[in-house]
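Below are the chains, spelled out letter by letter.
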Amino acid sequence: MTDPVLLAELMTLVEPGKVLTDAASLETYGKDWTRHFPPAPSAIVFPKSIEQVQAIVQWANRHKVALVPSGGRTGLSAAAVAANGEVVVSFDYMNRILDFNAFDRTVVCQPGVITAQLQAFAEEQGLYYPVDFASSGSSQIGGNIGTNAGGIKVIRYGMTRNWVAGLKVVTGAGELLELNKDLIKNATGYDLRQLFIGAEGTLGFVVEATMRLDRAPKNLTAMVLGTPDFDSIMPVLHAFQGKLDLTAFEFFSDKGLAKILGRGDVPAPFETECPFYALLEFEATTEEVANDALALFEHCVEQGWVLDGVMSQSEQQLRNLWKLREYLSETISHWTPYKNDISVTVAKVPAFLRDIDSIVSTYYPDFEVVWYGHIGDGNLHLNILKPNDMSKDEFFARCAVVNKQVFETVEKYNGSISAEHGVGMTKRDYLAYSRSSAEIAYMKAVKAVFDPNGIMNPGKIFAPE
Ligand code: 2HG
Ligand code: ZN
């Protein structure tokens, strides 16, 4: 869409200066954190109101122009990449918190509200917004809803889905819908709100979201435990979960730790070197809880599941321990990693990881492989690092060859090819490993209902027809 007449019409729908076509803006707003697809949007538009979003969608329908939603652009599946001349709709100027209801503990957000902004707002009210991840400083609520973002607290609080009380959406047909009206109980048929959560902008735009808050956690305390092998991590999880309400249970490998320590700004948890590390967190509400945690630690050492460990004694130590896990994705991004974000049910994790690990060591003998993830949710992040002397294209091509084996294993274990990063463009060709053909046909039919002209983020989730 480079037609100047269409562009001029688009400009009349928003405030002056809120359509950009300069090369730097196209490059910036045309992509997310993935590096597979070169951005090539034709324009970026910044609506400031629901009415303007509706006008943009109606304009796109009239002229059959494809639209790509854009939030904080921290996605890892190229769902917010405009690689084919689309118009990017950025929510940067719809970034206000509109209302707070202390009784319902709900906050009405425009889609461009940054996750950390909502977290800070909740804290000011003595409450808590529990969906958290390393990119919370730039990711936006609309994007979190579009991808049903997960992160590091899912084991206790679930995914974004659990915290959406109500939504206003503009469908691909240009209609404004108010979904669920912020109700807790609402047994009136299909819950269309849930359909828009995780839809990656393929059905319409989220233009307002009422988010729930929770009580603030008390005295969060973290432990980092070193294990002699991967198989020891799951009994540690089982032992701690049997006694404590964990708010997180994460893991990372020695290679991941080495990369973090290589930064020079994060202290090592302890001296003993271990192949794997678990990071767990709980609310140490009483001394008894803290003593229970220490007794569990000793039990795990006696069983041979844990070689060494540390428990945070202050907020500063808590923050430092979290850096070991939270800084991983950003730290290894310098090696242009090839990413997989796969999941199985928790009980299947050890056998599944063994199978995947043997594929990885057979096919990638010379590549550095960094494992980490939300192991308490059955979610593994498999990152293959690019050797310095290999081109990006050759590296991605070599990694892609192994996808078949990896995803066949995911299928064998009834798992997911994308646990929390979404499908976007990077995983769309592999959807059939996680969803049956009948299911995919129903999904496409649902899209056609909300987006009859196929203008909403085409080529995402499903390959273009
Ligand atoms: C995380 O858990 C994010 O840190 C990013 O989901 C995962 O970089 C990754 O592979
Ligand atoms: Zn993750």
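Starting afresh in each chain, residues are numbered from 1 along the sequence in its written order. Written order decides the labels, with chains lettered from A and ligands numbered from 1. Confidence filtering applies because this is a predicted model: local features only for residues at pLDDT of at least 70, side-chain atom pairs given and counted only at 80 or more, and all residues used for totals across whole chains, interfaces and linings. Side-chain measures here rest on the full set of heavy atoms in the structure, leaving out hydrogens and waters.

Per an unreviewed UniProt entry, the recorded name for the chain is D-2-hydroxyglutarate dehydrogenase, and the organism is Pseudomonas japonica. UniProt positions are given in the numbering used here, feature names are shortened, and annotations may be inferred rather than shown by experiment. Its UniProt record, at the heading Cofactor (unreviewed entry), says of the chain: "FAD". What UniProt states about the chain under its Subunit (unreviewed entry) heading is, verbatim, "Homodimer."

A. Region of the structure containing the site of ligand 1. Only heavy atoms are used to decide nearness, and a residue is near a molecule or strand if one of them lies within 4 Å of it. Lining the immediate environment of ligand 1, one finds Leu76, Arg325, Ser329, Lys339, Tyr372, His374, His381, Asn383, Glu420 and His421. A distance of 2.8 Å separates an oxygen atom of ligand 1 from a polar atom in the side chain of His421. In these tables, accessible area is a Shrake-Rupley quantity obtained with a 1.4 Å probe, and a residue counts as shielded only by the protein chains included in the view. Contact with the protein chains removes 89% of the 300 Å² of surface that ligand 1 exposes when unbound. Partitioned by chemical class, the residues of the shell around ligand 1 number 2 nonpolar, 5 polar and 3 charged. In the analysis that follows, any N or O atom pair within 3.5 Å is treated as a polar contact, provided that within protein one partner can donate a hydrogen and the other can accept it, and provided that, for residues neighboring in sequence, both atoms belong to side chains. Amino acids outside the nonpolar list (Ala, Val, Leu, Ile, Met, Phe, Trp, Tyr, Cys, Pro) and the charged list (Asp, Glu, Lys, Arg) are all regarded as polar, and Gly is one of them.

B. Structural context of the coordination of the zinc ion (ligand 2). Each metal's donors are the N, O and S atoms within 2.8 Å of it, or within 3.2 Å when it is Na, K or Ca, and because water is not part of the set, sites may look incomplete. At 1.9 to 2.1 Å from the zinc ion (ligand 2) lie its protein donor atoms, namely His374 (NE2), His381 (NE2) and Glu420 (OE). All donors to the zinc ion (ligand 2) come from one chain, and their sequence spacing reads H-x6-H-x38-E. Each residue is placed in one exposure class: buried if its accessible area under a 1.4 Å probe, protein chains only, is under 20% of its type's maximum, exposed if it is over 50%, and partly exposed if it falls in between. On the basis of relative accessible area, His374 is assigned to the buried category, the value being 3%.

C. Molecular detail of the environment of Lys18. Note on placement: Lys18 falls in the loop between α1 (4-11) and β1 (19-20). Sequence-wise, Lys18 and Pro41 are 23 residues apart; in three dimensions their C-alpha atoms are separated by 15 Å. With sequence-adjacent residues up to four places away left out, Lys18 is seen in contact with Ile44, Val45, Phe46, Lys48 and Tyr93. Secondary structure is summarised from DSSP: a helix means a run of H or I of at least four residues, a strand means a run of E of at least two, and numbering begins at the N terminus for each. The contact criterion used is simple: two residues touch if any of their non-hydrogen atoms lie within 4.5 Å.

D. Examining the sheet that holds strand β10 (residues 204-212) more closely. As summarised here, the arrangement of the 5 strands in space is β5-β6-β10-β8-β9, forming an open sheet in which the pairing is antiparallel. One side of each edge strand has no neighbouring strand; the edge strands of this open sheet are β5 (97-101) and β9 (176-179). Strand-to-strand twist across the sheet, computed as the mean angle between neighbouring axes with direction ignored, equals 15 degrees. Strands were regarded as paired on the criterion that DSSP finds at least two bridges between them. Where strand β8 (residues 164-171) and β9 come together, 4 bridges link them in antiparallel fashion. Opposite Leu167, over in β9, you have Leu179 as the bridge partner. For every element, the axis is a line fit to its C-alpha atoms; helices are fit only across the contacting stretch, and the angle between N-to-C directions ranges from 0 to 180 degrees. Sheet strands in contact with helix α3 (residues 50-63) are β8, β9 and β10, and its direction is about 40 degrees off that of β8.

E. How the structure looks around the packing of helix α13 (residues 349-363) against helix α15 (residues 403-412). Remark: α13 packs on α15, axes separated minimally by 10 Å, with the N-to-C direction vectors making an angle of 170 degrees. Taken together, the axis directions place α13 and α15 in an arrangement best described as roughly antiparallel. In this structure, α13 uses Phe352, Asp355, Ile356, Ile359 and Tyr363 to contact α15, whose residues at the interface are Gln405, Val406, Thr409, Val410 and Lys412. Its residues assigned to classes, the contact of α13 with α15 comprises 6 nonpolar, 2 polar and 2 charged. Throughout this description, any angle smaller than 35 degrees is read as roughly parallel, any larger than 145 degrees as roughly antiparallel, any in the 65 to 115 degree range as roughly perpendicular, and the remainder as oblique.

F. Quick look at the domain arrangement of the chain. Along its sequence, the chain is organised into domain 1 (4-90), domain 2 (97-215) and domain 3 (220-331). Domains are outlined according to an automatic or database domain assignment. One C-alpha centre belongs to domain 1, the other to domain 2, and the line joining them spans 22 Å. Across the boundary between the two partners, domain 1 contributes 16 residues, which contact 18 residues of domain 2. Once two parts are put together, the accessible area they lose, assessed with a 1.4 Å probe and summed over both, is termed the buried area. Here domain 1 and domain 2 share an interface that buries about 1300 Å² over both sides, 68% of which is from carbon and sulfur atoms. Inspection of the region where domain 1 meets domain 2 yields 3 residue pairs in polar contact (both at pLDDT 80 or more). For the side of domain 1 that touches domain 2, the secondary-structure elements that each account for two or more residues are α3 and β3 (67-70).

G. A look at the UniProt feature "domain: FAD-binding PCMH-type" (unreviewed entry) in the chain. Mapped onto this structure's residue numbering, the UniProt feature "domain: FAD-binding PCMH-type" (unreviewed entry) falls at residues 37-216. The span residues 37-216 is 22% helical and 25% strand by assignment, and the distance between its end C-alpha atoms comes to 40 Å.

H. Fine view of the pattern of salt bridges. Within this document, salt bridges are pairs made up of a side-chain nitrogen of Lys or Arg and a carboxyl oxygen of Asp or Glu, the two lying within 4 Å of each other. Applying the stated criterion to the full structure yields 20 salt bridges. Arg62 is the partner of Glu9 in a salt bridge, and the nearest nitrogen-oxygen pair spans 2.9 Å. With a gap of 53 residues between them, Glu9 in helix α1 and Arg62 in helix α3 connect regions that are remote in the sequence. Put simply, Lys259 and Glu368 hold a salt bridge, and the shortest N to O gap is 3.2 Å. Of the two residues, Lys259 sits in helix α9 (residues 254-263) while Glu368 sits in strand β17 (residues 368-374), which places them 109 residues apart along the sequence. Taking relative accessible area as the criterion, Lys259 reaches 15% and is therefore assigned buried.

I. Local environment of the pairing of strand β16 (residues 338-343). The element β16 is extensively covered by neighbouring structure, given that 6 of its 6 residues are classed as buried. Two elements, β16 and strand β18 (residues 379-385), share 6 bridges in a ladder whose sense is antiparallel. Considered in β18, the bridge of Ile342 is made with Leu380.

J. Quick look at the pairing of β10. Here β10 lies mainly inside the structure; 9 of its 9 residues are buried. Here 4 bridges tie strand β6 (residues 106-109) to β10, and the two strands are oriented antiparallel to one another. Along β10, the bridge assignment pairs Thr106 with Arg212. Where β8 meets β10, 7 bridges bridge the pair, whose relative direction is antiparallel. Bridged to Val164 within β10 is Met211.

K. The nonpolar core, seen in detail. Core analysis: the biggest nonpolar cluster contains 54 residues, and Phe240, Phe249, Phe282, Ile375 and Ile384 have the highest contact counts within it. With near-sequence residues (within four places) excluded, Phe282 lies in contact with Asn219, Leu220, Thr221, Leu244, Asp245, Leu246, Thr247, Val289, Ala293 and Met311. We define a nonpolar core as any set of buried Ala, Val, Leu, Ile, Met, Phe, Trp, Tyr and Cys residues linked to one another through side-chain atoms lying within 4.5 Å. In this structure, Val113, Ala122, Tyr157 and Leu213 belong to the second largest nonpolar core, which totals 29 residues.

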